[in-house]
Number of protein chains: 2
Amino acid sequence: MAEEALDAVRKHLLEFPNAARVNKVRVRDPNRLSPCLSSELSVPFTVPHLEGPPTPLQFYRDWVCPNRPCIIRNALHHWPALKKWTFSYLRATVGNTEVSVAVTPDGYADAVCGDRFVMPAERRLPLKAVIDVLEGRAYHPGVLYVQKQCSNLSCELPQLLLDVESHVPWASEALGKMPDAVNFWLGEEAAVTSLHKDHYENLYCVISGEKHFILHPPSDRPFIPHELYTQATYHMSEDGSFKMVDEEAMEKVPWIPLDPVAPDLDRYPLYKQAQPLHCTVKAGEMFYLPALWFHHVRQSHGCIAVNFWYDMEYDLKYSYYQLLDSLSKAMELARTDPV
Amino acid sequence: MAEEALDAVRKHLLEFPNAARVNKVRVRDPNRLSPCLSSELSVPFTVPHLEGPPTPLQFYRDWVCPNRPCIIRNALHHWPALKKWTFSYLRATVGNTEVSVAVTPDGYADAVCGDRFVMPAERRLPLKAVIDVLEGRAYHPGVLYVQKQCSNLSCELPQLLLDVESHVPWASEALGKMPDAVNFWLGEEAAVTSLHKDHYENLYCVISGEKHFILHPPSDRPFIPHELYTQATYHMSEDGSFKMVDEEAMEKVPWIPLDPVAPDLDRYPLYKQAQPLHCTVKAGEMFYLPALWFHHVRQSHGCIAVNFWYDMEYDLKYSYYQLLDSLSKAMELARTDPV
């Protein structure tokens, strides 16, 4: 009996990701007992482009509330940064400013490596030292990524704030709040952000180069494996070699072991059913990445970007996601426990 | 093993309604791995009042998107109906107009009775005949309720449209659409609407008298029993007696057998854990009843109301509800099946 009920639960959970991609549309019918519904895609398999910024109401109603990503063109054309932020300009204006740089042997910061969740070594370097490495004028061991997500544009490079807006006015009005963080991103082609999600509404603005995103909506959770990992940090020796050092005082963290670029489908067979979205955000474009969307990010060499993190609403949709997460975990355990 | 996993699923489902009532608030902390959250109530135990209409953006962001009810004051003060719609005015202007009237022996139209889902007898009566009964000047068998939800204000009583607005402008702008239906409600004190939900965003405007709502958010679904019923309709004989006639051609419908006014807790013990909200909507007030909220409605004798039904969005939140519904059903079956 329990087996049967559990099979029903498993079936509903595994059907959910595809059901959630379909947006029902009511066919006008005043019979309130059985409204007649037809279907259209709610989450299309490409990320739509808008040719200009939406109004605050449109942004909230059509994108934030339904938790749908979009790429917005012509939203940054008035930012001086778009024309000014060359490497020579950055070297001249903030070259001597020290910034926090994530350094890893393989480009993967905050990612699963073997049976550990590994965080990058952090070094303080003048920005011009990073630019030298990006331009091939100097060597630094490992892979460099300026990606400290502590509002590092405001904290570490405040001079550059003059070249951008301190927030996105139509988004701040829509969301009824100011951003929690404005981050600056600059790194090598090998620097990769592993598949994860954030508790933020994210407006990601590419200034030069391009970013490549692989995306899954939160509703794909049943297909995406999560495991608990001991945390570790890369330490860099003087000879430029890296070693992983466990953070013994820190609790285990849940993370996604799967690499969507080369998924291990023997180990994670449910991922066969998942349908990732791919998109490229080009210089001058702004990407609305909704809260809780899983994303994996790569970039062109030396890509410069700025992003705004607005705190998400911990509302009914969030509670529903938490339920989906708990049930997915329960099914993962039921699958991996010895029968 | 399956027993254990099923227990975990049951536990998560039964904890969900209370978890969904709590709105987490982030305590500012840039550590993106473990944001620190404190709690506040997302669904309070009373329905909040607004002292005036919200802006379209506020309405969407603060009420529609998070699926939260509110009572809005001073939103109807410009409607001539508020002053004009007395029984004598209705008798004088539309007294001879025939309207559809739901007639039941006990006041329950569209409700479970024994092992049947029973729909009311429908009679065409001039409105003045209904008013005569409401005023005690005439007798009619059973309980009368003008409640035909086919946009009956527009279709049956178009003369009255002059005294109200044909839609709610700030709501139409927020939702990006016009209402699907505008309904007129007039009935006896004994007329009750049984616990159910609608696939509409509902703006319910009380013109005179008052309506009493008992409410459950959609997240309470695991506590609210649903069963499948054969459909039947009341037929009225010439002597004024009623008989139930099965609708043999129609499929069984799922309905809620539970009466929140006097719940049978021996039969539906999970409902002990449910926490209904009660609210009274008074003359001149507009009630925003969000889509998919369960509601049971009573009224003062002769209460007059008009409501606007706006089609809901069949988006991620709807898909999540459908999953919750399927899983609740699976648990109901696991409970009632012989072990």
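Residues numbered from 1 in each chain as written. Chains lettered and ligands numbered in written order. Predicted model: local features only at pLDDT ≥ 70, side-chain atom pairs only at ≥ 80, totals over all residues. Heavy atoms only, no water.

Engineer: Explain the overall build of chain A here, please?
Structural biologist: If you tally the helices and strands in chain A, you get 8 helices and 21 strands. Expected size for 339 residues packed as a compact globule is a radius of gyration near 20 Å; at 22 Å, chain A falls within 12% of this value. Projected onto the principal axes, the alpha-carbon positions of chain A cover approximately 70 × 50 × 30 Å. Scored against the burial criterion, the 339 residues of chain A give a buried share of 55%. Within chain A, residue pairs in contact and separated by at least 24 positions form 80% of the contacts whose partners lie at least 6 positions apart. As displayed, chain A has an accessible area near 13800 Å², and 53% of this comes from carbon and sulfur atoms. Across chain A, the mean location of the 32 positive side-chain charges is 5 Å away from that of the 43 negative side-chain charges. (Helix = DSSP H or I, 4+ residues; strand = E, 2+ residues; numbered from the N terminus. Rg over C-alpha atoms; globule rule 2.2 N^0.38 Å. Buried < 20%, exposed > 50% of the residue type's maximum accessible area, 1.4 Å probe, protein only. Contact = heavy atoms within 4.5 Å. Areas by Shrake-Rupley, 256 points an atom, 1.4 Å probe, with all protein chains shown as cover. Lys, Arg positive; Asp, Glu negative; His and termini not counted. Charge placed at Lys NZ, Arg CZ, Asp CG, Glu CD.)

Engineer: Could you clarify how one ought to interpret the pattern of salt bridges in this entry?
Structural biologist: Pairing is possible between side chains of opposite charge, provided their charged atoms come close. The tally for this structure, following the rule as stated, stands at 38 salt bridges over all chains. With a closest N to O distance of 3.0 Å, A:Asp163 and A:Lys84 form a salt bridge. One end of the pair, A:Asp163, is in the loop between helix H6 (152-156) and helix H7 (169-175); the other, A:Lys84, is in helix H3 (residues 81-84), with 79 residues separating them in the sequence. Of the residues examined, A:Asp163 reaches a relative accessible area of 2% and is grouped as buried. The exposure class assigned to A:Lys84 is partly exposed, which follows from its relative accessible area of 36%. Two residues, B:Arg91 and B:Asp132, come together in a salt bridge whose shortest N-O distance is 2.8 Å. Residue B:Arg91 is found in helix H4 (residues 87-94), and its partner B:Asp132 is found in helix H5 (residues 127-134); the two are separated by 41 residues along the sequence. What you see here is one network of salt bridges that share partners, running through A:Arg91, A:Asp132, A:Glu135 and A:Arg137. (Salt bridge = Lys/Arg side-chain N within 4 Å of Asp/Glu carboxyl O.)

Engineer: Explain the sheet that holds strand E12 (residues 192-196) of chain B to me, please; I cannot follow it from the model alone.
Structural biologist: Within a sheet, neighbouring strands are paired by backbone hydrogen bonds and run either parallel or antiparallel to one another. Residues and elements named next belong to chain B. The 5 strands lie next to each other as E6-E12-E20-E14-E18, forming an open sheet whose pairing is mixed. Where the open sheet ends on each side, the last strands, each with one partner, are strand E6 (108-109) and strand E18 (277-282). By the bridge criterion, 2 bridges tie E6 to E12 in an arrangement that is parallel. Note on E12: the bridge partner recorded for Ala109 is Thr193. (Pairing = 2+ DSSP bridges.)

Engineer: Would you mind going over the packing of helix H2 (residues 56-64) of chain A against helix H2 (residues 56-64) of chain B with me for this structure?
Structural biologist: The angle between the axes and the distance between the axes are what describe a pair of packed helices. It is at 9 Å that the axes of H2(A) and H2(B) come closest, and there the two elements cross at 30°. Between H2(A) and H2(B), the crossing angle belongs to the class labelled roughly parallel. Note on packing geometry: the crossing formed by H2(A) with H2(B) is left-handed. Contacts between H2(A) and H2(B) involve A:Pro56, A:Leu57, A:Tyr60 and A:Arg61 on the former and, on the latter, B:Pro56, B:Leu57, B:Tyr60 and B:Arg61. Its residues assigned to classes, the contact of H2(A) with H2(B) shows 6 nonpolar, no polar and 2 charged. (Axes fitted to C-alpha atoms, helices over the stretch in contact; angles between N-to-C directions. Parallel < 35°, antiparallel > 145°, perpendicular 65-115°, else oblique. Left-handed = near helix turned anticlockwise from the far one by under 90°. Nonpolar A, V, L, I, M, F, W, Y, C, P; charged D, E, K, R; others polar.)

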